[in-house]
Number of protein chains: 6
Amino acid sequence: MNDPNSHAFVNGRFYMNPEHVTADDFFRSGLNMPGNASNQLGVAGVQANVNTLPGLNTLGISSSRLDYAPYALNAPHTNPRASEILVVVEGTLYVGFITSTSGPNMKNKLFSKILHPGDVFVFPIGLIHFQFNVRKTNAVAITRFNSQNAGYNIIANALFGSHPSINDDILAKAFQVDKKIVDYIQSQYDRVGLLLDNYDKPNSN
Amino acid sequence: MNDPNSHAFVNGRFYMNPEHVTADDFFRSGLNMPGNASNQLGVAGVQANVNTLPGLNTLGISSSRLDYAPYALNAPHTNPRASEILVVVEGTLYVGFITSTSGPNMKNKLFSKILHPGDVFVFPIGLIHFQFNVRKTNAVAITRFNSQNAGYNIIANALFGSHPSINDDILAKAFQVDKKIVDYIQSQYDRVGLLLDNYDKPNSN
Amino acid sequence: MNDPNSHAFVNGRFYMNPEHVTADDFFRSGLNMPGNASNQLGVAGVQANVNTLPGLNTLGISSSRLDYAPYALNAPHTNPRASEILVVVEGTLYVGFITSTSGPNMKNKLFSKILHPGDVFVFPIGLIHFQFNVRKTNAVAITRFNSQNAGYNIIANALFGSHPSINDDILAKAFQVDKKIVDYIQSQYDRVGLLLDNYDKPNSN
Amino acid sequence: MNDPNSHAFVNGRFYMNPEHVTADDFFRSGLNMPGNASNQLGVAGVQANVNTLPGLNTLGISSSRLDYAPYALNAPHTNPRASEILVVVEGTLYVGFITSTSGPNMKNKLFSKILHPGDVFVFPIGLIHFQFNVRKTNAVAITRFNSQNAGYNIIANALFGSHPSINDDILAKAFQVDKKIVDYIQSQYDRVGLLLDNYDKPNSN
Amino acid sequence: MNDPNSHAFVNGRFYMNPEHVTADDFFRSGLNMPGNASNQLGVAGVQANVNTLPGLNTLGISSSRLDYAPYALNAPHTNPRASEILVVVEGTLYVGFITSTSGPNMKNKLFSKILHPGDVFVFPIGLIHFQFNVRKTNAVAITRFNSQNAGYNIIANALFGSHPSINDDILAKAFQVDKKIVDYIQSQYDRVGLLLDNYDKPNSN
Amino acid sequence: MNDPNSHAFVNGRFYMNPEHVTADDFFRSGLNMPGNASNQLGVAGVQANVNTLPGLNTLGISSSRLDYAPYALNAPHTNPRASEILVVVEGTLYVGFITSTSGPNMKNKLFSKILHPGDVFVFPIGLIHFQFNVRKTNAVAITRFNSQNAGYNIIANALFGSHPSINDDILAKAFQVDKKIVDYIQSQYDRVGLLLDNYDKPNSN
């Protein structure tokens, strides 16, 4: 009934009858294999979330492996439904998040750090964050979310690559730039879409 | 102890001894007065959240009045910690949100609508959304959040107006544009900051 | 499957396949039109909750417009599943809530206030509260709840107008009055029921 | 710092340093002793909540023993912050709750039942409920809440015995009765207050 | 659809159409009757949880009656999804729980107490706890959980009586004992299984 | 004020004034360095939880690196306050969890699996689980929890190594073995305590 071709979904999906659950419902493989980072941002993710690991249903946790080509950028994005904790396995990443402006005396602040293998960094729920591979070698991170379906929302894709497109008068005003620039940026985003299409399956599939 | 000049805060702040609480702790005035929209986006907010209405502490709800000058844009933003429900009181707004890319077969989709007085629209937690005044007259909306401190995060400000600035190599790569364009956009955002400085106080203050 | 004529419901109802959701699932109109206040309490509500705005499902927020005839009373009631934040749009309301008796040294306290347009007041979850129009002109308020289905429970209706009726020995003892008085009060409540019948649809329907 | 004579409280109170916690922080005695039911409703409660059993802090559960004199009434009340599950230990109770009016086609419904020893009944969060001892012998129940501080709010006390009193015009309109009746009922409630004063301590104290 | 012979379950099960719910959906009987404690641990439970009292669905609370034969042990167990509050109705119980080792400077600590009728004790969520009848007479307790389905997990059964069995090399290493001892302990647990089979129904069934 | 030598703690600890927070509050290093596994179980953990990474406060997520010597066992344990998702980085682990006995027709079931690098496995909240290194080479895993302070509770330590000890009559009855065996097992557990003392700091400290 959670068949994507069906009209009716159930909140949190169906789960299996406990009599029929097996260990494989709590298992997936493939996080040792790099995702396909052959796209212009050079980042790929292999996810273990409720869509690829059904036993996570109702448990409120999920995981991803992230692969970064040299100088690759996991572009500024949000996870709308989860906080994230990332550990660097290989390479060197420059990471950061920007605070929102709620509360007295708070401006948008950038909190950033260079991370080396074994370093851990936290991205609080809903805030824009990024990781950038600052070396000419690959980098790998393992990251987790306190949601079974955290969401992944690349800001540039959402703003300039949505279907349908956001009116370019709105984006020009939002970014204080000429519409020609907006139209140019919008034209870039079909290809970045590749990253998203890859996001839910390991490279081996 | 929640004095912003103090180092130690308590999660959820202190609250008053029930013996000393009064009706005024559950009250604020001023949502009948337009906020100061004299900034280049032409939008202002007057908030009733835990920072301006202490009785909201622990209750998980807050409210804002939004004023839109002619052709004003409440620029694409997120509320990192709340879903939002907006009702138009006056004028005509074009509103929308963009879905994230979590789950199978999902692209960034724009869900948008023209709203007239009395129309209600919902913005799910964490998703980028905007409101645009499509008329040459003012517009007013009342909006609510299921958090006492929902957060307000203008995407363009966070990306191009943060303190310190995000490295322009990163933004150029993220938006697939030349660094000159990034540098130009970054130069715009001190003024948009005015909107944020205004956000926590009614015009009357 | 959430057809009220069906026996089987799903917690939180079904939601639509993300592939088939549209902007209209996050929209409703009609909060500019007064509800039908032609009942003896003189108050009507137009709700935007999960029953009338399906996109609210799982989002934990809802909204109502409240219309008050001159000297109308939104009788003492509770919202069993939500805190409420109300803003006065038009007119003058005398509002209040009564604390419960939990915790040391607490008695039932009345916290009340006269509200004018633009004033905001908070009613904490589960507590009895009321709004009274103290003028000979109409009043309007917009109110929100941190639940998609907050519940609305007029105390007098629940106690004296339930189906079936509460035994009048119990009510006489509860209110320390003669059963004749209870029987008289119980006889009033079929008509107050009109308010409830009206509560889920805008006047325009 | 949670001294009721202090102005500053901390949400959820302070808790002890784990190094200094003892088994007694998770313990209280006295639920074998009847509470003092010598008040005109004839019901008394002995509570084990966060105010009398500090180890409950943050655990979200609490308990009470209820004693009913012959023909005693635990008057219609709400627990604003918890659902309740009650088991009859001794005697015969007539119990019920009234649904609120949220959702399509729902009227205030009374769900009631005669309970004998060993019978269990559930009162959903926020709904008005009561227990009535229908025999000329004592009755005893043990009841639990899924909150460390559920709240206890006798409707008649809140409406007719609050401090200060609710304006009698409002109550007369709410109950559709003459103000003389309201004034008479209001005059009853100082004595019912005794029940509340007793509610937080066992009879032995 | 929550038929245990069906493959598809719904999180939190289905619930009834509000139009068809009756008081009996919030009711069960039998907690006055001792459970069948004729098993080698001498303890039996009669549960009122969502499996035996459907109205508990979504309410997050449940209850059990526990009967202890002379010198009976409710063996060390966890409730994986709830905190528990227990009150002794009859007899004398030695109870305790063991803290976990999270946080600085914390070792596994045993917090234990001798309980007499009317004594209340709290077992925090997820911690191993036990009750032991220290007298040659029966004991009875009423206990509650802040979950509609708290889970009940006897440690010895889980470790030595699972289906299939845990590899005895693992258990020998875990307990630092010879495999012969593990094999012997494993051989005990079919009979302790009786306690579990009895756990969901009152003796009268 | 969360100094473990202080008596007064605040739930969820104090947090820093947002004006004074820095990126280092969201950072820790050292997960690239194996923990000290020189204890008889041969497993060590390096934790990034709220005790070692203050920015996790209120975010509800944490992480650990686990190192396994050849044939090492992460003994059967529970995390009382979190679900866990584990990914194997190096080596081969035999892992499993045992279900509890809640719900109809459920026995304690062992769900187990051999995991290789890149394999992911889920351990639901509160259930007993273990990991065993089945090779003569080291193994490494990265694991995460949906709590900032998940707790770590080795069953054998809690039962046989608590302070003070659990009465050996109780353990003998629980495990259906002679008290001599219990006394012998209890004598083993001081050394296993080493694992716990190591659990909160990386090897480098």
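Per an unreviewed UniProt entry, chain A goes by Germin-like protein and derives from Capsicum annuum. Taken from UniProt, the Sequence similarities (unreviewed entry) comment for chain A reads in full: "Belongs to the germin family." As recorded by UniProt, the Subcellular location (unreviewed entry) comment attached to chain A reads in full: "Secreted, Extracellular space, Apoplast".

### Remarks on the overall build of chain A
When you go through chain A residue by residue, the secondary structure sums to three helices and 13 strands. Among the 205 residues that make up chain A, the fraction classed as buried is 66%. Taking as baseline every contact in chain A between residues at least 6 positions apart, the subset at least 24 positions apart corresponds to 73%. Taken as a whole, chain A presents about 6600 Å² of accessible surface, with 53% of it coming from carbon and sulfur.

### So, the packing of aromatic side chains
Considering all chains together, one arrives at 51 aromatic pairs over all chains under this definition. Ring centres of Phe121(D) and Phe123(D) lie 5.4 Å apart, and the angle between their planes is 55°; this geometry places the pair in the tilted category. Look at Phe121(D) and you get buried, because its relative accessible area is 0%. Note on Phe97(E) and Phe111(E): the rings are 5.3 Å apart at their centroids and 70° apart in plane angle, and the pair reads as edge-to-face. Here Phe97(E), found in strand E8 (residues 93-98), pairs with Phe111(E), found in strand E9 (residues 110-115); they are 14 residues apart in sequence, far enough to count as distant.

### Here we look at helix H2 (residues 168-175) of chain F
Residue and element names in this part refer to chain F. Where burial is concerned, most of H2 is hidden: six out of the eight residues are buried. All buried positions along H2 are accounted for by Asp168, Ile170, Leu171, Ala172, Ala174 and Phe175. N-capping of H2 is provided by Asn167, with a side-chain oxygen placed 2.6 Å from the backbone N of Asp169. Looking one or two places after H2, you find Gln176, whose phi comes out positive at around 60°.

### Topic: the environment of Ile155(E)
Inspection of the secondary structure puts Ile155(E) in helix H1 (residues 155-160). Given a relative accessible area of 0%, Ile155(E) falls into the buried group. For the pair Ile155(E) and Leu93(E), spaced 62 residues apart in sequence, the C-alpha to C-alpha distance is 20 Å. In this structure Ile155(E) touches Pro76(E), His77(E), Thr78(E), Ile128(E), Ile128(F), Ile155(F) and Leu159(F), once residues within four positions along its chain are discounted.

### Some thoughts on the pairing of strand E5 (residues 62-68) of chain C
All names here are of chain C. Counting buried residues in E5 gives seven out of seven residues, a clear majority hidden from the surface. In this sheet, E5 lies alongside strand E4 (residues 43-48) in antiparallel orientation, the contact comprising six bridges. Bridge pairing links Gly45 to Leu66 in E5. When E5 meets strand E12 (residues 139-145), the two strands line up antiparallel, connected through seven bridges. Counterpart to Tyr68 in the pairing with E12 is Ala139.

### What about unusual backbone geometry?
Residue His163(D) is joined to Pro164(D) through a cis peptide bond whose omega torsion reads -5°. Within the secondary structure, Pro164(D) sits in the loop between helix H1 (155-160) and helix H2 (168-175). At Tyr71(F), a position not held by glycine, the phi torsion is positive, near 60°. Of note, Tyr71(F) is situated in the loop between strand E5 (62-68) and strand E6 (73-78).

### Focus: the sheet that holds strand E3 (residues 27-28) of chain E
The six strands lie next to each other as E4(D)-E5(D)-E12(D)-E7(D)-E10(D)-E3(E), forming an open sheet whose pairing is antiparallel. The sheet is open, and its two borders are formed by strand E4 (43-48) of chain D together with E3 of chain E, each paired with just one other strand. The pairing of strand E7 (residues 84-90) of chain D with strand E10 (residues 120-123) of chain D spans four bridges and is classified as antiparallel. From the neighbouring strand, Val87(D) faces E10(D), where its bridge partner is Val120(D).

### Regarding the UniProt feature "binding site: Mn(2+)" (unreviewed entry) in chain A
All names here are of chain A. UniProt marks His77, Glu84 and His129 with the feature "binding site: Mn(2+)" (unreviewed entry), using the numbering shown here. Across 53 residues, the annotated set stays spatially compact, with a maximum C-alpha separation of 12.0 Å. Residue position: Glu84 is located in strand E7 (residues 84-90). Structurally, the position occupied by His129 is in strand E11 (residues 128-133). Its relative accessible area of 1% is what places His129 among the buried residues. If we ignore the near neighbours within four places in the chain, the residues touching His129 are Ala75, Pro76, His77, Thr78, Asn79, Glu84, Gly96, Phe97 and Phe123. At a separation of 3.1 Å, a polar atom in the side chain of His129 contacts the side chain of Asn79.

### Observations concerning the pairing of strand E7 (residues 84-90) of chain B
Residue and element names in this part refer to chain B. Where burial is concerned, most of E7 is hidden: five out of the seven residues are buried. For E7 and strand E12 (residues 139-145), the ladder comprises six bridges, and the chain directions are antiparallel. Counted as the bridge partner of Glu84 is Phe145 from E12.

### Concerning the confidence of the model for chain A
Residue and element names in this part refer to chain A. Looking at chain A, pLDDT values average 79 and 78% of them are 70 or higher. Here strand E1 (residues 8-10) stands out as the least confident element of chain A, with mean pLDDT 45; E11 is the most confident, with 95. Throughout residues 1-13 the model reports pLDDT below 50, and contacts reaching past four residues in sequence, or to other chains, amount to 48 contacts. The low-confidence segment residues 191-205 (pLDDT under 50) makes 38 contacts with residues lying over four places distant or belonging to another chain.

### Some thoughts on the sheet that holds strand E7 (residues 84-90) of chain F
Ordered in space as E3(A)-E10(F)-E7(F)-E12(F)-E5(F)-E4(F), the six strands form an open sheet in which the pairing is antiparallel. The open sheet has two edge strands, strand E3 (27-28) of chain A together with strand E4 (43-48) of chain F, and neither has a second partner.

### Some thoughts on the pattern of salt bridges
Tallying each qualifying case throughout the model produces 24 salt bridges over all chains. One salt bridge in this structure joins Asp168(E) and Lys179(E), with 3.7 Å as the shortest N-O distance. Separated by 11 residues along the polypeptide, Asp168(E) in helix H2 (residues 168-175) and Lys179(E) in helix H3 (residues 179-198) bring together distant segments of the chain. Exposure remark for Asp168(E): the relative accessible area of 18% places this residue in the buried category. Two residues, Arg65(F) and Asp67(F), come together in a salt bridge whose shortest N-O distance is 2.7 Å. An identical accessibility class is assigned to Arg65(F) and Asp67(F); each is buried. Connected through salt bridges with shared partners, the residues Asp168(A), Asp169(A) and Lys179(A) form a single ionic network.

Here is what the cut-offs are and how they apply
- Residues numbered from 1 in each chain as written.
- Chains lettered and ligands numbered in written order.
- Predicted model: local features only at pLDDT ≥ 70, side-chain atom pairs only at ≥ 80, totals over all residues.
- Heavy atoms only, no water.
- UniProt positions renumbered as here; feature names shortened; annotations may be inferred.
- Helix = DSSP H or I, 4+ residues; strand = E, 2+ residues; numbered from the N terminus.
- Buried < 20%, exposed > 50% of the residue type's maximum accessible area, 1.4 Å probe, protein only.
- Contact = heavy atoms within 4.5 Å.
- Areas by Shrake-Rupley, 256 points an atom, 1.4 Å probe, with all protein chains shown as cover.
- Phe/Tyr/Trp six-rings, centres within 6.5 Å; stacked < 30°, edge-to-face > 60°.
- Polar contact = N/O pair within 3.5 Å; in protein donor to acceptor, adjacent residues only side chain to side chain.
- Pairing = 2+ DSSP bridges.
- pLDDT = per-residue confidence, 0-100.
- Salt bridge = Lys/Arg side-chain N within 4 Å of Asp/Glu carboxyl O.

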